[in-house]
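# Secondary and tertiary structure notes
Each chain, written out:
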Amino acid sequence: MQSEPQAIKRALGRTLIRSSAGKTRTRDARVINLGDRVFYIATRTLASCVILLALLLVGDLFRGAWESIGQFGLKFLIGTTWDPVARQFGTLPTIIGTLVKATIGLLLAVPISIGAALFITFYVPKWLRPIISYPIELLAGIPSIVFGLWGLFVMVPVIRVVQIWLKAHFGWFFLFDGPAVYGVGVLSGSVILAIMVVPIITAISRDILLTVPRLQIEGMLALGATKWEAIWKVALPYARVGLVGAVILGLGRAIGETMAVTMVGGNSFDLIHSLFDPVHSMASQIASEFTEATYSLYVSSLIYVGLVLFGITICISLLAQLLIWRLSKGKVAIFE
Amino acid sequence: MSDVNAAASRRRFLRRKVTERLAVGGMFLCAGVTIFFLVTILGYVLYHGAAAVNWEFLTSLPLPPGENGGGILNALIGSAMVVLCAAAMAVPIGLGAAVFVNEFPTAGFGRFVRFLAEVLTGVPSIVVGLFAYALVVRPLGGFSGFSGSVAYAFIMIPIILISAHEAFRLVPDSLREASLALGIPKWRTILRVVLPVSSRALLTGVVLAISRALGEAAPMLFTAFGNPYLSFNMGKPIATVPLLIYTYATAPYEDWHQKAWAASFVLLVFVLFTSVLTRAFLRGKSHE
Amino acid sequence: MNNEGYALDESRGGGMEPRTPERAQQPEPESIRIEVDGLSVYYGKTRAVKNVSLAIKSRKVTAIIGPSGCGKSTFIRCLNRMHEVTPGARVEGKVLLDGSDVYGPGIDPVEVRRKIGMVFQKPNPFPTMSIHDNVVAGFRLNGTGDRHLIQEKVEKSLRAAALWDEVKDQLHEPGTSLSGGQQQRLCIARALAVEPEVMLMDEPCSALDPIATAKIEELIHELKESVTIVIVTHNMQQAARVSDFTAFFYMGELVEFGITSKIFTNPDKQQTEDYITGRFG
């Protein structure tokens, strides 16, 4: 692209041609002040729109959920019955379903992500790094509906086979004592979440690990450490805070994920007892029921669920931002 | 050192070497697993979907289930309209806010807006759908393409803001100072110097945001809602590709499943295309 | 004078009898710790170090001086195979530590670095470890977990680095809570803890103030009784103060090597003289 002097010339050239060359000095000053002021106000308004949008979001969620909040209060969160016919709404099963799927998903994803990130950062030669990182970033960009489709038609049959095998051999264990033939359920939901979250955690972890100063690693190597020991004892502790941030970001994504989990996580409102039980997550509950909600308390309750989901993900997101921001001092951009 | 000590030391050393080998093997496996899943998913979409994508698929309307043929034209057009309308709202806000944050740095306010944008990228898309529902669908009394645009815009604004902000940060101050030193007012400097110089990165950010929004199905569930017919009316329900995939995939008809794969293929091609494009764009820039 | 005294005299003194050129100060073979033979280092196509041969004497301080970019750091990093950490670096020639080639087949750099320690230009204590843990970070790698042994090690190494009295009450503070000079001494203690035979110091004082520098120079003087030291420095006065032997590098080549007093008062090569007197550099 252009070099700096050229860029200046081209940009200024266009400006100079159109600048107020013929006007008098005083008129220039007034025009300048006015122009700047207008521009300032305009952009500041647009920036304020962002804040306004956030406020509107929170406000509308509260407003929509108000009827249900008034009816159930905080008992909504611990109630175990979700029965639209009886007008009883409690979301404990789906809260648990969400958290369990997200947790198991992360337990599967985190070792793989950090392992992959370590491999890419420290064991892959520099020229090869983008070639391996690129497919992983690509995976992060695949829409969740495609994950859901693949999950439903390709992954679930495989999981079904695994589940049936597990039940046959280890059915006495409470985790494997459930309806193995469904295929959809906690296990499927967790696995698809893991697959979706791995690229995100890997990409951020890799960026964070790249900020570990070489001097530190060399210091450890100079003491007679193997490369792995230098990574384990110096690089990982150094990057600790940021890596936790990356994991938390992944957790937020897993909790808020909708389409894929709706398609493979199962549609039930019962408390889960095993890995094979189907259960809604908060997001899949809203996705499935919203257009069927026929009366206002029903709709309001679903929005209440949305509010709870929002609250949880915002807290997680804030925590992740603070951790990653603090470690990398703004060197890492986190949006997807 | 006695012989025993030397032997023990040797054993410890060997153990360290073995540990390293195992660790490297493990890490390699992790990277391999990740790539494996990418390949598997892309492969299946290709396998199931590519065959069904043909001219008819892209240019005709859906037929009732059971009848062979038909296509997703309504969804393609619907998606394009909803996303472009969303971009029309999101780009000015995102860009304008980014300009403010970077070019008029005030203590706190600008940084807060940037921080807020980062936090907003974490809002689940289903919640964004609820927001658009409460803001647009309820007052207007019905589903509409426009409400879908509002939802998409909410998703796109933080992405555009953040990438634009980063792009502006990369523009060297010396350019701005050179312009100001010539007596050119600040607002002109921004419009005629800063924006053009960062235009590549800005465009990349917008394209990424569009690509991201196009794939989102959840917000469409109760905003744009879907429509089996071709429609150009943004005030009424309209079909979008991701929502169509969901509807077809969860329906009991085999040929609809086939179409879901095909539509996914189209979506993936688009996502891949924009990804490659933006990569090439950005790499071109870094060769300055 | 006994035999040893005579031998010492001969190795330290210059020119009582005519010597062979270049290796003029060729000492007794037993007191050579490291022998570098025809060392060349390539980064890609560029040759950063050109066919260098010299002998590092045991329990003496050898200084490496020369203008920026002359290959001093590259050279010293080859002695403990640290250059291998940079991708694209290639080495030809031999580095013999007590007779065996550091680059020999089957020799693991990890073992080499145990025997040849290094202190870097910028102090680099590990920020996530306490002072105590920093000191034994290297020692713990291949050693036992014996708490007493470790405690002893910490005290012994910190004393050897003249840091014990200053930090003995704050051993559990993070390593980075010390001043620059103290951090560097901590790094020296850390390097000493693994009991290396040779200590490489790559411009150890360049990031420090004069007082801290003086302390480290004093430390070097004490350390050389037990450890062979090779120090790279861009500060000629420092080289004159602390070293017994000096090697002058220019553009990747060893221009002259000899007893420090001779190099600084009566060098053989014109180039050396020009550098010493500040005509360039």
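Treat the numbers as computed from the prediction; the structure is a model and nothing was measured. (Residues numbered from 1 in each chain as written. Chains lettered and ligands numbered in written order. Predicted model: local features only at pLDDT ≥ 70, side-chain atom pairs only at ≥ 80, totals over all residues.)

All names here are of chain C. Reading across from one edge, β2-β1-β4-β5 is the order of the four strands in this open sheet, with antiparallel pairing throughout. Across the chains shown, the open sheet's two edge strands, defined by having one partner strand only, are β2 (46-57) and β5 (100-101). Bridging between strand β4 (residues 89-97) and β5 involves two bridges; their strand directions are antiparallel. Its bridge partner being in β5, Leu97 is matched across the sheet by Ser100. (Pairing = 2+ DSSP bridges. Helix = DSSP H or I, 4+ residues; strand = E, 2+ residues; numbered from the N terminus.)

Two strands in a sheet stick together by hydrogen bonds in their backbones, pointing the same way (parallel) or opposite ways (antiparallel). Residues and elements named next belong to chain C. With mixed pairing, the six strands of this open sheet are ordered in space as β6-β7-β8-β3-β9-β10. Each of the sheet's edge strands pairs with one partner strand only, and the pair in question is β6 (116-119) and β10 (253-259). Taking the axes of each pair of neighbouring strands and ignoring which way they run, one obtains an average angle of 20 degrees across the sheet. Where β6 and strand β7 (residues 198-202) come together, four bridges link them in parallel fashion. Paired with Gly117 across the bridge in β7 is Met199. Contacting β6 and β7, helix α8 (residues 180-193) crosses the sheet at an angle of about 170 degrees to β6. (Axes fitted to C-alpha atoms, helices over the stretch in contact; angles between N-to-C directions. Contact = placed C-beta atoms within 7 Å.)

What follows covers the interface of chain A and chain B. Taken together, the 84 residues of chain A in the interface contact 89 residues of chain B. Considering every element that reaches the side of chain A that touches chain B, the biggest residue donor is helix α2 (residues 25-72) of chain A, with 21 residues. Split into classes, the residues belonging to the side of chain A that touches chain B amount to 56 nonpolar, 19 polar and nine charged. (Nonpolar A, V, L, I, M, F, W, Y, C, P; charged D, E, K, R; others polar.)

Before going further, it helps to spend a moment on the interface of chain C and chain A. Each partner contributes to the interface: chain C provides 21 residues, whereas chain A provides 18 residues. Counting residues per element, the ones that place at least two in the side of chain C that touches chain A are α3 (109-115), β6 and α8 of chain C. At three residues, the largest contribution of residues to the side of chain C that touches chain A is made by α3(C). Taken together, the residues of the side of chain C that touches chain A break down into 12 nonpolar, five polar and four charged.

Before going further, it helps to examine the domain arrangement of chain B. All names here are of chain B. Here chain B is partitioned into domain 1 (3-52) and domain 2 (73-286). The partner domain 2 presents seven residues to the six residues of domain 1 that form the contact. Looking at the side of domain 1 that touches domain 2 residue by residue, the classes come out as four nonpolar, two polar and no charged. (Domains from an automatic or database assignment.)

Turning next to the packing of helix α6 (residues 145-170) of chain B against helix α9 (residues 199-214) of chain B. Residues and elements named next belong to chain B. For the pair α6 and α9, the least separation of the axes is 8 Å and the interaxial angle reads 155 degrees. With respect to α9, the element α6 is oriented roughly antiparallel. Seen from above, α6 lies across α9 with right-handed handedness. Each of Tyr152, Ile155, Met156, Ile159, Ile160, Ser163, Ala164 and Ala167 in α6 lies in contact with α9, whose residues at this interface are Ala201, Leu202, Thr204, Gly205, Val206, Leu208, Ala209, Arg212 and Ala213. Of the residues that constitute the contact of α6 with α9, the class distribution is 13 nonpolar, three polar and one charged. (Parallel < 35°, antiparallel > 145°, perpendicular 65-115°, else oblique. Left-handed = near helix turned anticlockwise from the far one by under 90°.)

All names here are of chain C. Looking at chain C as a whole, the pLDDT averages 85, with 89% of positions reaching at least 70. The low-confidence segment residues 1-24 (pLDDT under 50) makes 13 contacts with residues lying over four places distant or belonging to another chain. Overall fold confidence (pTM) sits at 0.84, and the ipTM for the predicted complex is 0.88. (pLDDT = per-residue confidence, 0-100.)

For the rest of this paragraph, the subject is α9(B). Its 16 residues give α9(B) an end-to-end C-alpha distance of 22 Å, which sits within 8% of 22 Å, the value for a rise of 1.5 Å per residue. Taken as a whole, α9(B) has its buried residues at Ala201(B), Leu202(B), Thr204(B), Gly205(B), Val206(B), Leu208(B), Ala209(B), Ile210(B), Ser211(B), Arg212(B), Ala213(B) and Leu214(B). (Expected span 1.5 Å × (residues − 1). Buried ≥ 20, exposed ≤ 12 C-beta atoms within 10 Å, placed from the backbone.)

Residues and elements named next belong to chain A. Two numbers describe how helix α5 (residues 129-141) lies on helix α7 (residues 186-209): the axes approach to 8 Å, and their chain directions differ by 135 degrees. Classed by the angle they form, the pair α5 and α7 counts as oblique. Here α5 runs over α7; the crossing is left-handed. Contact residues: α5 offers Ser133, Ile136, Glu137, Leu139 and Ala140, while α7 offers Pro199, Ile200, Thr202, Ala203 and Arg206. Its residues placed into classes, the contact of α5 with α7 shows six nonpolar, two polar and two charged.

Time to look at unusual backbone geometry. Residues and elements named next belong to chain C. One non-glycine residue with positive phi stands out, namely Arg81, at about 60 degrees. The residue Arg81 is located in the loop between α2 (72-79) and β4 in this model. Looking at Arg81, the number of C-beta atoms within 10 Å reads 22, which means it is buried. Even without glycine at this site, Asp98 takes up a positive phi of about 50 degrees. By the secondary structure assignment, Asp98 is in the loop between β4 and β5. Asp98 gets classed as partly exposed once you count the C-beta atoms within 10 Å, which come to 13.

All names here are of chain C. Here β7 lies mainly inside the structure; five of its five residues are buried. Because side chains alternate across β7, one face comprises the buried residues Val198, Leu200 and Asp202, and the other comprises Met199 and Met201, equally buried. Where β7 lies against strand β8 (residues 228-232), five bridges are found, and the strand directions are parallel. Bridge assignment links Met201 to a residue of β8, and that residue is Ile231. Assessed by its sense of winding, the connection that carries the chain from β7 through helix α9 (residues 210-223) to β8 is right-handed. (Right-handed = clockwise from strand over helix to strand, strands pointing away.)

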